[in-house]
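Single-letter residue listing:
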Amino acid sequence: MSDRKRRTFLRTTAGGLGLAELLRSLGPLRADELNMGHGIAKHADEIEPLVRFLEDTPQERVIEETARRIKAGLSYRQLLAALLLAGVRNVQPRPSVGFKFHAVLVVNSAHLAALSGVDEERWLPILWAIDNFKTSQAKDVEEGNWTLPAVDEAALPSPQHAEDDLRQALDRWDESAADAAVTSAVRYMGANRLFDLLAEYAARDFRSIGHKAIYLANSFRTLQTIGWDYSEPVMRSLVYAMLNHHGEANPATADLAPDRPGRLNWERAKQLSEQPWSISIDNQATLDFVRTLHTAEADEDSAQAVELLGHGVSATSLWDGLFASAGELLMRQPGIVALHAVTTTNALRYVFETTSSEQTRRFLILQNASFLSLFRQAAEDRGELQDVRINELEVAAQDTAILSVPDTFDAMVSSRRKAAEHAYHFLAHGGDPQSIADHARRLVFLKGSDSHDYKFSSAALEDYRRLSPPWRNRFLAASMYQLCSPHQATRPLVKRIREAIG
């Protein structure tokens, strides 16, 4: 956006404008403004005033004040960086890496939503995320007003010992030693090398129902956009979150249930580490895997994955099964547990694709299989699961009339299952999946009122593209069980923006 255009914005009167006019008054946010190269960022001391602005401005004024700064030339990158840094400094990832901490976890999801939106709507997700941060900040104040402490410079290990010290601290679940070691590691290790190390630990336990792995994936993805120069406080917060074991004995010296699948699967991954990856797609193996995941226990799920990999089934076919199983759990019991099965699988797939460690990659597949069993058990604790199967969607949809995309979403008012069947029928008969994704995203912009609306939609609308053709349409159709409905009320923030301008 040119300086001349921004000066024009400052002279623009907002009287009587609606939402569309308001967003246009901020100026279109082009895709190339959001797709930034890696490592190009300002120093932390230069971003500090903007972080302070987000921290100190009251929630009832922060959207309006942010809009004024955008009109004056504030860039998307600067705002995204400041939002992430404000979150990690002011919101504690305890007692669980979730709840109020979603203000940090959702930053990358909001960014992905902005990337995929049309130019005039791209400011909406980050403005929503700023308001969401203020809510979490207030909650943190109520719970004790935690703040990420200053670095203890005297405790930092030497550069040559940082990697070993970090690994040992993570093994011991030693928070103070890990904080010092990761600070030194950020300063002297490369980002890729540090990611490989943390990838071994982020999914080792089921505490916080997958949010540790989600934080690893989302924090690195955001840092790739804003620049590694901002990584030190983010990595300190991440390691602090990864070591959460609230109210329990030290997992390093105790045999605790959340750790058992990880220990077993790490040993199983070692047995597979010498086998080459297959590239062949085996849809029958995927279907067998989904059927196992429908009922099996955590150790049985990973054992099935070991058997399939041992017989030359490709990682792609197993990931098809993992995503399909997560989507199937949505069909069986929509809600908080199933949506986290999807977002956790999204994060683990990203870590799988990003790490250079072959053993870690195999471990992540096995651990994801175990996690899905644990998610299913958690859902069973909340209520009955419907006995439906994702591979039977096409049977249920045979006699369904082909509807337009808006009509398909409108079907949510009578039945989420009916909406999923309509969506599958639409896709199976050549309908454009992008039209469903675009419509779903617009509904999130207008109707989404919770971090999970952004987290789920960003994950699901990204993941369906990765699946093999026989599973892609089923997964996207199953997502209709959790996507925003057009019948939900328009979120209060949208009304607030309209009122603030006009």
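## Regarding the confidence of the model for the chain
- Counting all residues, the mean pLDDT for the chain is 90, and 89% of those residues have values of 70 or more.
- Throughout residues 1-17 the model reports pLDDT below 50, and contacts reaching past four residues in sequence, or to other chains, amount to 26 contacts.
- For the stretch residues 36-43, pLDDT sits under 50, and the model shows 21 contacts to residues farther than four places along the chain or on other chains.

## A word on the nonpolar core
- Judged by nonpolar contacts, the single largest core of 153 residues is most densely connected at Leu-54, Leu-166, Leu-198, Tyr-215, Leu-216, Met-235 and Phe-409.
- If we ignore the near neighbours within four places in the chain, the residues touching Leu-216 are Phe-195, Leu-198, Ala-199, Ala-202, Leu-238 and Val-351.

## Let's talk about the pattern of salt bridges
- Enumeration according to the criterion identifies 32 salt bridges in this entry.
- The partner of Glu-175 in a salt bridge is Arg-94, with the nearest N and O atoms 3.0 Å apart. Here Glu-175 is found in helix α11 (residues 175-188), whereas its partner Arg-94 is found in the loop between α6 (76-90) and α7 (102-105), with 81 residues between them in sequence.
- Accessibility expressed as a relative area gives 32% for Glu-175, which makes it partly exposed.
- Notably, a salt bridge pairs Arg-207 with Asp-205, separated by 3.0 Å at the nearest N-O pair. Accessibility classification places Arg-207 together with Asp-205 in one group, the buried group.
- The network of salt bridges with shared partners includes Asp-205, Arg-207, Lys-212, Glu-248 and Asp-259.

## Focus on the packing of helix α16 (residues 283-295) against helix α20 (residues 358-382)
- Two numbers describe how α16 lies on α20: the axes approach to 8 Å, and their chain directions differ by 40°. Relative to α20, α16 is oriented oblique. Counting all contacts with α16, which are made through Phe-289, Leu-293, His-294 and Thr-295, the residues of α20 involved are Ala-369, Leu-372 and Arg-376.
- Among the residues making up the contact of α16 with α20, the classes are represented as four nonpolar, two polar and one charged.

## Focus: the environment of Asp-56
- Its location among the elements puts Asp-56 in helix α4 (residues 44-56).
- Of the residues examined, Asp-56 reaches a relative accessible area of 55% and is grouped as exposed.
- When the C-alpha atoms of Asp-56 and Lys-134 are compared, they prove to be 9.5 Å apart, with 78 residues separating the residues in sequence.

## Overview of helix α10 (residues 159-172)
- Here α10 spans 20 Å end to end across 14 residues, near enough to the 20 Å set by a 1.5 Å rise per residue.
- Residues of α10 that are buried include every one of Ala-162, Leu-166, Ala-169 and Leu-170, and no others.
- The elements touched by buried residues of α10 are α11, α12 (191-199) and α14 (231-242).
- Trp-173, located one to two residues past α10, shows a positive phi value of around 55°.

## Here we look at the side chain of Ser-184
- Structurally, the position occupied by Ser-184 is in helix α11.
- Apart from the residues lying within four places of it in its own chain, the contact partners of Ser-184 are Pro-157, Ser-158, Pro-159 and Ala-162.

## A few points about the packing of aromatic side chains
- Applying the stated rule across the entire model yields 14 aromatic pairs.
- Aromatic side chains Phe-101 and Tyr-215 sit 5.0 Å apart centroid to centroid with 70° between the ring planes, which places their arrangement in the edge-to-face category. Here the residue Phe-101 occupies a position in the loop between α6 and α7, and Tyr-215 occupies one in helix α13 (residues 211-226), the gap between them amounting to 114 residues. Residues Phe-101 and Tyr-215 agree in their burial class; the two are buried.
- A connected cluster of aromatic rings, assembled from ring pairs, spans Trp-277, Trp-319, Phe-323, Phe-352 and Phe-475.

Reading the values: the criteria
Residues numbered from 1 in each chain as written. Predicted model: local features only at pLDDT ≥ 70, side-chain atom pairs only at ≥ 80, totals over all residues. Heavy atoms only, no water. pLDDT = per-residue confidence, 0-100. Contact = heavy atoms within 4.5 Å. Core = buried A, V, L, I, M, F, W, Y, C linked by side-chain atoms within 4.5 Å. Buried < 20%, exposed > 50% of the residue type's maximum accessible area, 1.4 Å probe, protein only. Salt bridge = Lys/Arg side-chain N within 4 Å of Asp/Glu carboxyl O. Helix = DSSP H or I, 4+ residues; strand = E, 2+ residues; numbered from the N terminus. Axes fitted to C-alpha atoms, helices over the stretch in contact; angles between N-to-C directions. Parallel < 35°, antiparallel > 145°, perpendicular 65-115°, else oblique. Nonpolar A, V, L, I, M, F, W, Y, C, P; charged D, E, K, R; others polar. Expected span 1.5 Å × (residues − 1). Phe/Tyr/Trp six-rings, centres within 6.5 Å; stacked < 30°, edge-to-face > 60°.

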